[in-house]
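Here is how the chains run, residue by residue.
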Amino acid sequence: MNNFTYHVYTDVRFGKGQLKALPEVVLPHGKKVLMVYGGGSIKKNGIYQEIHELLKDCEIHELSGIEPNPKITSVRVGVELCKTHGIEVVLAVGGGSVIDASKVIAGGACYDGDPWDLVVDSKKIGKVLPIVAVLTLAATGSEMNKNAVISNMETNEKLGTASHNFKPVAAICDPTYLFTLPAYQTAAGTADIMSHVFEQYFQKTETAYLTDCIAESILKTCIKYCPVALKEPDNYEARANLMWASTQALNGLTSAGKGGGWTCHPVEHELSAFYDITHGVGLAIVTPRWMRYILNEDTAPKFAAYARNVWGIQETDTMKCAAMGIDATEEFFKNCGIPMTLREVGIDDSKLSVMAADAVKFGGLSNAYVPLDEKDVEEILRMSL
Ligand code: NZQ
Ligand code: ZN
């Protein structure tokens, strides 16, 4: 087991009605608030109105229209608002896109220069305004982690950046907010949670037993509850377990004692950068193909352990068992209603080699569980067509 730092920083308020804690977690940081949100779902389900009521003593400025796969152009507008109005707290109300944009806005507000610099070079991130997140989508874990992913459509770049200062000071996680999620986002979010776990579970470190058991439990939680949430969107038990799974899947817990590069995320970020597709859908498409591509005598025992511990597959032949676990993964995503080919989401073979080259360039794939080069990634993308 490798050495690690596990810095629990975010004050998480989890459960029905927890929004009432908003003044308690916002006011210690100031009254000048920039409220950041997306295309309007929070107005339809009433969260927007409730926040205004709870923060009626604050001076609230707003930035709406944060896009899925948030764009640097929106971040720049947010930074300007912070600087113009002397904003003290950034309040992110939404899913990963809104929270990620809010992180770079909060960093950009304290930085002299273009906020894109903070995306390209995380070393430039210094002071960051306090961020409070109100989560409305279970997927990214952004509510409790240090990452932000921002797109620049002019350059076809979607890049991740990170800083401990990006961690929200507080996160309100009310599972009832997930009741209004469309099935597509519920399924894509679950695929994202599972992919975060896969990226950290399938790493070279073999000795982080507890961490791997936690990872398997998160995967089992997704497999149990996503179908329930799809069938009964207002099933609290299902939504609550998925929401907690998303937070735990990418806050450092499932990487404790492990190490190494990721694979499907860097590849998917290229699909989003060129075609602006839904992150979790891109991951679901690529994941089983990546698993099949890297299955060999060396990796089979780990895939077989995944098949046995997560899917309950009894097969005694290691290679067969591993393959059955991969098939089960693909079948699960399909049954959740996720389109499982690139062509279904509007991607043909014209840019596969460019995307493969960029994934290797930006993604650290030489340090992955099974190191991959451009040709490997192109082949995985071709298998995904
Ligand atoms: O914009 P609105 O109207 O709010 O609608 C959103 C959006 O269209 C909708 N939605 C959110 N909550 C809802 C809702 N609709 C109804 N009811 C609700 N309660 O869902 C749509 C998608 O939202 P988005 O925030 O884009 O989804 P997600 O949370 O999956 O975030 C995806 C982004 O996060 C990045 C992804 O690359 C992508 O850009 N990631 C961030 C990570 C991180 N910070 O650690 C890690 C991830 O691997 C990922 O890369
Ligand atoms: Zn992800």
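What counts, and at which threshold
- Residues numbered from 1 in each chain as written.
- Chains lettered and ligands numbered in written order.
- Predicted model: local features only at pLDDT ≥ 70, side-chain atom pairs only at ≥ 80, totals over all residues.
- Heavy atoms only, no water.
- 1 Å grid on protein atoms, 1.4 Å probe; cavity = no way out; pocket = protein on both sides within 12 Å on 5 of 7 lines; lining within 4 Å.
- Points joined across faces, edges and corners; volume = space filled by probe spheres on them.
- Nonpolar A, V, L, I, M, F, W, Y, C, P; charged D, E, K, R; others polar.
- Helix = DSSP H or I, 4+ residues; strand = E, 2+ residues; numbered from the N terminus.
- Expected span 1.5 Å × (residues − 1).
- Buried < 20%, exposed > 50% of the residue type's maximum accessible area, 1.4 Å probe, protein only.
- Donors = N, O, S within 2.8 Å, 3.2 Å for Na, K, Ca; no water.
- Near = heavy atom within 4 Å.
- Polar contact = N/O pair within 3.5 Å; in protein donor to acceptor, adjacent residues only side chain to side chain.
- Areas by Shrake-Rupley, 256 points an atom, 1.4 Å probe, with all protein chains shown as cover.
- Pairing = 2+ DSSP bridges.
- Axes fitted to C-alpha atoms, helices over the stretch in contact; angles between N-to-C directions.
- Contact = heavy atoms within 4.5 Å.

Description of empty space enclosed by the protein
Move 1: Under the defined criterion, the tally for this structure stands at two cavities of 30 Å³ or more.
Move 2: Each pocket or cavity is described by its volume, and for the largest cavity that value is around 50 Å³.
Move 3: As for the largest cavity, its lining consists of Tyr6, His7, Val8, Tyr9, Thr10, Met144, Lys167 and Asn251.
Move 4: Taken together, the residues that form the lining of the largest cavity break down as four nonpolar, three polar and one charged.

Concerning helix 5 (residues 96-108)
Move 1: Its 13 residues place the ends of helix 5 18 Å apart at the C-alpha level, agreeing with the 18 Å of an ideal helix rising 1.5 Å per residue.
Move 2: Among all positions of helix 5, only Gly96, Val98, Ile99, Asp100, Ala101, Ser102, Lys103, Val104, Ile105, Ala106, Gly107 and Gly108 are buried.

Some details on the coordination of the zinc ion (ligand 2)
Between any two of four tetrahedral donors, the ideal angle at the metal is 109.5 degrees; between two of six octahedral donors, it is 90 or 180 degrees.
Move 1: Only Asp192 (OD), His196 (NE2), His265 (NE2) and His279 (NE2) from the protein reach the zinc ion (ligand 2) as donors, at distances of 1.9 to 2.2 Å.
Move 2: Ordering the donors of the zinc ion (ligand 2) by residue number gives the pattern D-x3-H-x68-H-x13-H. Residue His196 is found in helix 7 (residues 183-201), and its partner His265 is found in helix 10 (residues 264-275); the two are separated by 69 residues along the sequence.
Move 3: Overall, the relative accessible area of 6% leaves His265 in the buried class.

Quick notes on the site of ligand 1
Move 1: Taken together, the neighbourhood of ligand 1 is formed by 32 residues, with Gly39, Ser41, Gly96, Ser97 and Lys158 sitting nearest.
Move 2: Within the side chain of Ser41, a nitrogen or oxygen atom sits 2.7 Å from an oxygen atom of ligand 1.
Move 3: Side-chain polar atom of Asn145 to an oxygen atom of ligand 1: 2.9 Å apart, as the coordinates give it.
Move 4: When ligand 1 is considered free in solution it has 970 Å² of accessible area, and contact with the protein chains removes 89% of it.
Move 5: Elements that contribute at least two residues to the shell around ligand 1 include exactly helix 5, strand 6 (147-152), helix 7 and helix 10.
Move 6: A per-class count over the shell around ligand 1 returns nine nonpolar, 20 polar and three charged.

Here's the deal with the sheet that holds strand 2 (residues 32-37)
Move 1: An order of 1-8-5-4-2-3 is seen for the six strands of this open sheet, with the pairing classed as parallel. Among the strands making up the open sheet, the edge pair consists of strand 1 (11-14) and strand 3 (59-63). If you compare each strand with its neighbour and ignore which way they point, the axes differ by 15° on average.
Move 2: Relative to strand 4 (residues 89-94), strand 2 runs parallel, the two sharing five bridges. Residue pairing for strand 4: Leu34 is matched across the bridge by Val90.
Move 3: Against the sheet, helix 5 makes contact with strand 2, strand 3, strand 4 and strand 5 (131-135), and its axis sits at roughly 165° relative to strand 4, the strand it touches most.
Move 4: The strands touched by helix 9 (residues 236-249) are strand 1, strand 5 and strand 8 (170-173); relative to strand 1, the strand with the most contacts, the crossing angle is about 170°.

Geometric values such as these leave the question of function open.
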